[in-house]
Amino acid sequence: MEREIIIKAENMVKKFGNFVANHCLNFEVYRGEIFGFLGANGAGKTTAIKILCGLSYPTSGTISVAGFDVYRQREQIKRNIGYMSQKFSLYEDLSIRENIRFFAGIYGLKRDYIRKRTEELLEELQITHLGNELIADLPLGWRQKLAFSVAVFHRPQIVFLDEPTSGVDPATRRQFWDMINRAAAGGITVFVTTHYMDEAEYCDRLSIMVDGRIDALDTPAGLKEQLGVDNIDDVFLKLVRNKTV
Amino acid sequence: MRIIITILQKEFRQIFRNRTMLPIIFIMPLIQTLVLVYAATLELKNAPIAIVDYDDTSISHEIVSHFDASPFFRLRAGAYSGQYVADELKYNRSKAVIIIPHGFQSRMQSGLPASIQMNINAIDGQTAGLISIYSEQIIGRSLAAYSKIKDLPLSAPTARVDVSARYLYNETLNFKHFMLPGILTILVTMIGCFLTALNLIREKEMGTIEQINVSPVGKFQFLIGKILPFWVIGLFDLALGIGIGMWLFSLPFAGSVFTLFVLASVYLFTAIGLGILVTDFARTTQQVMFTIFFFFLLFVLMSGIFTSAESMPHWAQEVNRINPVYYFMKGIRMILLKGSGLGDISNELLSLGTLGTLVMAIAVWQYRKTS
Amino acid sequence: MTRFAGFLHKEFIHIFRDIRTMMILFAIPVFQILIFGYVIKNEIQDVKVGILDFSRSNRSAEITNRINASNDFEVVARYYSYAEAEEAFRRSEVKEVIVFEAGFSKNLYTHNGGAVQLLLDASDPNLANLIGSYTTATIMRYISELNHQGISIPHPTVEPRMWYNENLKSAYMFVPGTMALILMLITAMMSSISIVREKETGTMEVLLVSPLNRWQIVFGKVTPYILISVVNACSVIAVGNLVFGVPIHGNILLLFAEALLFILLALSIGIFISSVVKTQMMAMFISMFVLMLPTLLLSGFIFPIENMPKVLQWLSVIVPAKYFLEIIKMIMLKGGAMAEIWKPTLVLLAMTLFFLGMSILKFKSRLE
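### Details of the overall build of chain A
Here is step 1: In terms of helices and strands, chain A carries nine helices and ten strands.
Here is step 2: Expected size for 245 residues packed as a compact globule is a radius of gyration near 18 Å; at 18 Å, chain A falls within 12% of this value.
Here is step 3: C-alpha atoms of chain A, sized along the principal axes, occupy 55 × 40 × 40 Å.
Here is step 4: Among the 245 residues that make up chain A, the fraction classed as buried is 43%.
Here is step 5: Taking the intrachain contacts of chain A between residues at least 6 apart in sequence as the baseline, contacts between residues at least 24 apart amount to 70%.

Here is the structure:
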């Protein structure tokens, strides 16, 4: 199977004043895979994802996303990606349909196409009757699923998800990961950050960040083998313990 | 472009759905014009004064009746006690106490010097000044009236003057006509500056601005989506305010509607630009609010809204060169009251235009999709 | 108690870390006073006057000199036709044109007197009124001196005695007013916004389930603003006194006590606002329109209440700033003591208790 590199980061560094949030990160992401960034809060995951999305300037390093350079071709990058922030940012005072119409519209999709796809989406999620409800009136789990749907609505090459499942119950989380898997199966590369260990198992490959550095990068099986443990929790603990020793 | 239309659609939808903002946009002009205009007057009317008449003669009665008849004053009963004056003034019962001393008439008739004492509460210096002047005039007039009826020694011919005043551009000295444009200015400024800034900072605080920044929407398109709605609303509210002013207060509109809207458009552009500029540097609503409030207060007070800008010290007038509110205030008064046309306000337009372009340029430049 | 202290500490850090807002919080009062003092003048200065003298007589020339001799007026031009004068007005070159009729000198001693017409640019009617009044007074004074040289009607001297403010300084009006405005605005607005912000971001619930009780939360939030307001009150009085010479004839402690009362009132209003409002934006707008505008307009700060229509006079009864201004002026400028101000003080006290009571009710019903 041919593996096309769709994200490449070499020696990515991000400093805020004297504080180094990302220390020389090196990694590659292949097209179509689900790539995870696992780590504790404050490890630097959100910083890294913002650089890849073109929301933040790297301090140094060579980084390309979807074949475009992050320093000079950010606008092209943005045309080819989707994003879901930690705050699931949909407009609370607009309805589901209105939110989709807006976000899809700004990616240049045509109105008729948007309308058709919106109804398909609502049906898939079985919430056609909620189509005109304001986001503010929906429970957290639904907002999250909708935010994801909006992020991939325009069929981007890559979708970046920053802690997409925070604060949601395990059942909803599993449903969410079903959606992620479906998107990946449809050819969208998924770059996701999380601090939930169990979600690590769902990724094709993952990297573990500790204090701004990537301490390990491999498939879940590979990591477990490497460190001689049988679950990701222990993988993580081992890496962290090595740090403090 | 389709994208701009999409953005505008969303903006207008949000604005009209915002149930708290809606009454503010439409009721604000109404309340403002009504209350403020009625409250804001520095003329003298019904000022309570007391006259203590120790003389009790026909001359003193003449004086008292003239004061009674005057619309400037409202006469209170005067009591004959030493504490009276101090108490009247201290407890704010009267603004002034006039004392006509015993023997006034006889001294006047025998050609001896006579004096009338006025005790005025001078905390409000301006009112005190007016009370003093008007009282002098009333006393003078009562004596003149008296001398026509009764006999006072007129051994030499008396010079008399008939001074009349003609008030140009505002014949009835209608203070409301002066204040209304000022209030409309505040209205338009608030919509342009405050509302735009609040809207933008809300997106920042909610995080929705990130979604926009991560999309291919250019910053120009995004900002146009912020500028246009409030520009339209600002113009609409101005029209509403002027309409109310004309209907309820007979606000004159000597100039052309077109000129006014050109001026207002340029001004709104500047105000909105300032709102965006402040938000570019802010992270919370509180910061935005207080920064704008601070500058708003400064600029509005110095713009000549309550008093004319030419009365200000020269250094203040220099500062006004970069005060957009000053130019708009001047322009709107010239258009409404003097009927000035585009040519007459060309200075103001030019200055506003320059300021506006500068501010907006910096505001847009400073808006960063990437931080 | 240490929990509360910890909470208080956090609140202080919040505010003081936001340097920009801090600077503005302390700068606003000072700037406002300085502007009112140095910039906004309702007095007349450098009034440019033009003369349209059809009589070319000695008398009119003397009057012209009188006008020019006054500090506030300056005769800048002579015109020879009404058209010229009008042109000058339109270009805003003069604010007044004094017109002497052709037979001015001759008509002085006739029954109707010599006619003088004052043309005034009334786009600022207030200024026009003042200018007209002062000009008239100057002319009248000249005429009465003229008459005094003969033996005609003795003219009484009118001696005005200006109480409390001999030099008619405008600072006496705006320093108390500014204090009321600032205290009301900053205390009420900022504390209400601060509380609402916690509600809006959802952290209020976090606080509510903590061991802190409701009152500790509320007081923790508002205490920093009390302190800021006290500092502001002091700076306003200090600047007023040192820069503009506003005296403090009465008891300073009483002054501070009343200021504190007013601050507490503003606070209770702020707390009440925060209990009925859900977003920061609403808190701000309510503070501005329900608090600031009435305080500015209906309290007697700038515009005398007696001049207003009855409806507005009634409305001013519920404006707290009105009573506070009475109190301040009484203490600072008239040297009054509690005996003179117990009534308005009582009103302020009652208002404070009212708003606190309402807030308690609201809190109880809402958060249950």
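### Topic: the overall build of chain C
Here is step 1: In terms of regular secondary structure, chain C is built from 14 helices and five strands.
Here is step 2: Scaling as 2.2 N^0.38, a compact globule of 368 residues should have a C-alpha radius of gyration of about 21 Å, whereas chain C reaches 28 Å, well beyond that.
Here is step 3: Overall size of chain C, expressed as C-alpha extent along the three principal axes, is 95 × 45 × 40 Å.
Here is step 4: Counting all 368 residues of chain C, 45% fall into the buried class.
Here is step 5: Intrachain contacts of chain C at a sequence separation of at least 6 include 76% that bridge at least 24 residues.

### Notes on the interface of chain B and chain A
Here is step 1: Counting residues at the interface gives 20 residues for chain B and 23 residues for chain A.
Here is step 2: Sorting the residues of the side of chain B that touches chain A by element identifies α1 (2-17) and α8 (208-213) of chain B as the ones contributing at least two each.
Here is step 3: Residues of the side of chain B that touches chain A, tallied by class, amount to six nonpolar, ten polar and four charged.

### Focus: the pairing of strand β1 (residues 5-16) of chain A
For a regular strand, side chains alternate in direction, first toward one face of the sheet and then toward the other.
Residue and element names in this part refer to chain A.
Here is step 1: Alignment of β1 against strand β2 (residues 19-30), held across eight bridges, turns out to be antiparallel. If you follow Lys15 over to β2, its bridge partner there is Val20.
Here is step 2: Both β1 and strand β4 (residues 60-65) contribute to a ladder of five bridges, which runs antiparallel. Residue pairing in the sheet places Ala9 in a bridge with Ile63 of β4.

### Let's talk about the interface of chain B and chain C
Here is step 1: Between chain B and chain C, the residue contacts involve 86 residues of the former and 88 residues of the latter.
Here is step 2: Of all elements in the fold, only α2 (21-39), α4 (82-90), β4 (115-121), α6 (125-149), β5 (161-168), α7 (175-206), α11 (285-302) and α13 (324-338) of chain B reach the threshold of two or more residues within the side of chain B that touches chain C.
Here is step 3: When residues of the side of chain B that touches chain C are assigned to their parent elements, the largest contribution, 14 residues, is made by α6(B).
Here is step 4: Classifying every residue of the side of chain B that touches chain C by side-chain character gives 48 nonpolar, 28 polar and ten charged.
Here is step 5: Strand direction decides the pairing type here: β4(B) and strand β5 (residues 157-163) of chain C, joined by seven bridges, are parallel. Looking at β5(C), one finds that B:Ser115 is bridged to C:Thr157.

### Observations regarding the nonpolar core
Here is step 1: Counting residues in hydrophobic clusters, the biggest one holds 272 residues, and the most contacted among them are A:Leu52, A:Val159, A:Phe160, A:Val190, A:Phe191 and C:Leu183.
Here is step 2: Top contributing element to this core by residue count: helix α7 (residues 171-201) of chain C, with 19 residues.
Here is step 3: Once you skip the residues sitting within four places of it in the chain, A:Val190 turns out to touch A:Ile34, A:Phe35, A:Val159, A:Leu161, A:Ile180, A:Ala183 and A:Ala184.

### Comments concerning the domain arrangement of chain C
Here is step 1: Along its sequence, chain C is organised into domain 1 (13-39 + 170-367) and domain 2 (47-149).
Here is step 2: For domain 1 of chain C versus domain 2 of chain C, the distance between C-alpha centres works out to 48 Å.

### Description of unusual backbone geometry
It is generally the case that most residues other than glycine have a negative phi and that most peptide bonds are trans.
Here is step 1: Here the phi dihedral of A:Ala66 falls at roughly 55°; this positive angle occurs in a residue that is not glycine.
Here is step 2: Turning to its location among the elements, A:Ala66 is positioned in the loop between β4 and β5 (68-69).
Here is step 3: Positive phi outside glycine occurs at B:Asp56, with the angle close to 55°.

### Section: the arrangement of the chains
Here is step 1: Counting contacts across all two pairs of chains that touch, the top-ranked interface belongs to chains B and C.
Here is step 2: Left apart from each other, chain A and chain C have a closest C-alpha approach of 12 Å.

### Quick look at the confidence of the model for chain A
Here is step 1: For chain A, per-residue confidence averages 87 on the pLDDT scale, and 98% of positions sit at 70 or higher.
Here is step 2: Across chain A, the element-wise mean pLDDT spans from 76 in helix α9 (residues 232-244) of chain A up to 93 in strand β7 (residues 158-162) of chain A.

### Re α7(C)
Here is step 1: For α7(C), built from 31 residues, the straight-helix expectation of 45 Å at 1.5 Å per residue is met to within 8% by its first-to-last C-alpha distance of 43 Å.
Here is step 2: Taken across its 31 residues, α7(C) has 27 buried, putting it largely inside the fold.

### A few points about the environment of C:Leu356
Residues and elements named next belong to chain C.
Here is step 1: For Leu356, the position within the fold is in helix α14 (residues 338-367).
Here is step 2: Leu356 gets classed as partly exposed once you count the C-beta atoms within 10 Å, which come to 17.
Here is step 3: Counting along the chain gives 292 residues from Leu356 to Thr64, while the straight-line C-alpha distance between them is 63 Å.

### Looking at the sheet that holds β1(A)
Here is step 1: Spatially, the four strands line up as an open sheet ordered β2-β1-β4-β5 (chain A), and their pairing is antiparallel. Each having just a single partner strand, β2 and β5 of chain A make up the two edges of the open sheet.

### Regarding the sheet that holds strand β10 (residues 213-218) of chain A
Residues and elements named next belong to chain A.
Here is step 1: A sheet is described by the order of its strands in space; here six strands give the open sequence β6-β7-β8-β3-β9-β10, paired in mixed fashion. Here the strands that pair on one side only, and so sit at the sheet edges, are β6 (81-84) and β10. On average, each strand axis in the sheet is inclined to that of its neighbour by 15°, with strand direction left out of account.
Here is step 2: Where β6 meets β7, four bridges bridge the pair, whose relative direction is parallel. When the sheet's bridge partners are listed, Met84 is paired in β7 with Leu161.
Here is step 3: Along the sheet face, helix α6 (residues 170-185) touches β3 (34-39), β7 and β8 (189-194) and points at about 150° away from the line of β8.

### Some remarks on the confidence of the model for chain C
Here is step 1: Confidence in the prediction for chain C averages 82 pLDDT; 94% of positions are at 70 or higher.
Here is step 2: Taken element by element, chain C is modelled with least confidence in helix α8 (residues 203-208) of chain C, mean pLDDT 70, and with most confidence in strand β3 (residues 96-100) of chain C, mean pLDDT 93.

### Some words on the packing of α7(C) against helix α9 (residues 214-244) of chain C
Residues and elements named next belong to chain C.
Here is step 1: In the contact formed by α7 and α9, the axes pass within 9 Å of each other and the chain directions differ by 165°. Here α9 runs roughly antiparallel to α7, going by the angle between their axes. Relative to α9, α7 is oriented so that their crossing is right-handed. The residues of α9 that touch α7, namely those facing Ala171, Val175, Thr178, Met179, Ile182, Leu183, Ile186, Thr187, Met190, Ser191, Ser194 and Ile195, are Val218, Lys221, Val222, Tyr225, Ile228, Ser229, Asn232, Ala233, Val236, Gly240 and Phe244.
Here is step 2: Among the residues forming the contact of α7 with α9, the class breakdown is 15 nonpolar, seven polar and one charged.

### Concerning the packing of helix α3 (residues 96-106) of chain A against α1(B)
Here is step 1: Closest axis-to-axis distance for the α3(A)/α1(B) pair is 8 Å, and the angle between their directions is 155°. In terms of orientation, α3(A) lies roughly antiparallel with respect to α1(B). Like other packed secondary-structure pairs, α3(A) and α1(B) cross with a definite hand, here left-handed. Within the contact between the two elements, α3(A) uses A:Glu98, A:Phe102, A:Gly105 and A:Ile106 and α1(B) uses B:Ile3, B:Thr6, B:Ile7, B:Lys10 and B:Arg13.
Here is step 2: When grouped by side-chain class, the residues that make up the contact of α3(A) with α1(B) number four nonpolar, two polar and three charged.

### Section: the environment of B:Leu277
Residues and elements named next belong to chain B.
Here is step 1: Mapping Leu277 onto the fold places it in helix α10 (residues 257-280).
Here is step 2: A sequence separation of 86 residues divides Leu277 from Ala363, and the C-alpha atoms of the two residues are 4.3 Å apart.
Here is step 3: Here Leu277 is in contact with Val359, Ile362, Ala363 and Gln366, once residues within four sequence places are set aside.

### Let's talk about the environment of B:Ala282
Here is step 1: Relative to the assigned elements, B:Ala282 resides in the loop between α10 and α11.
Here is step 2: B:Ala282 sits 62 residues away from B:Phe220 along the chain, and the two C-alpha atoms are 19 Å apart.

### Examining helix α2 (residues 19-39) of chain C
Here is step 1: Over its 21 residues, α2(C) runs 28 Å from end to end, which matches the ideal 30 Å to within 8%, given 1.5 Å per residue.
Here is step 2: C:Ala27 marks where α2(C) bends most, by close to 40°; the proline C:Pro29 follows one to four residues later.
Here is step 3: All buried positions along α2(C) are accounted for by C:Thr21, C:Ile24, C:Leu25, C:Ile28, C:Pro29, C:Gln32, C:Ile33, C:Phe36, C:Gly37 and C:Val39.
Here is step 4: Looking at the buried residues of α2(C), the elements they touch are α11 and α12 (314-319) of chain B together with α7 and α9 of chain C.

How each quantity is defined
- Residues numbered from 1 in each chain as written.
- Chains lettered and ligands numbered in written order.
- Predicted model: local features only at pLDDT ≥ 70, side-chain atom pairs only at ≥ 80, totals over all residues.
- Helix = DSSP H or I, 4+ residues; strand = E, 2+ residues; numbered from the N terminus.
- Rg over C-alpha atoms; globule rule 2.2 N^0.38 Å.
- Buried ≥ 20, exposed ≤ 12 C-beta atoms within 10 Å, placed from the backbone.
- Contact = placed C-beta atoms within 7 Å.
- Nonpolar A, V, L, I, M, F, W, Y, C, P; charged D, E, K, R; others polar.
- Pairing = 2+ DSSP bridges.
- Core = buried A, V, L, I, M, F, W, Y, C linked by C-beta atoms within 7 Å.
- Domains from an automatic or database assignment.
- pLDDT = per-residue confidence, 0-100.
- Expected span 1.5 Å × (residues − 1).
- Axes fitted to C-alpha atoms, helices over the stretch in contact; angles between N-to-C directions.
- Parallel < 35°, antiparallel > 145°, perpendicular 65-115°, else oblique.
- Left-handed = near helix turned anticlockwise from the far one by under 90°.
- Bend = angle between axes of the 7 residues up to and from the residue.

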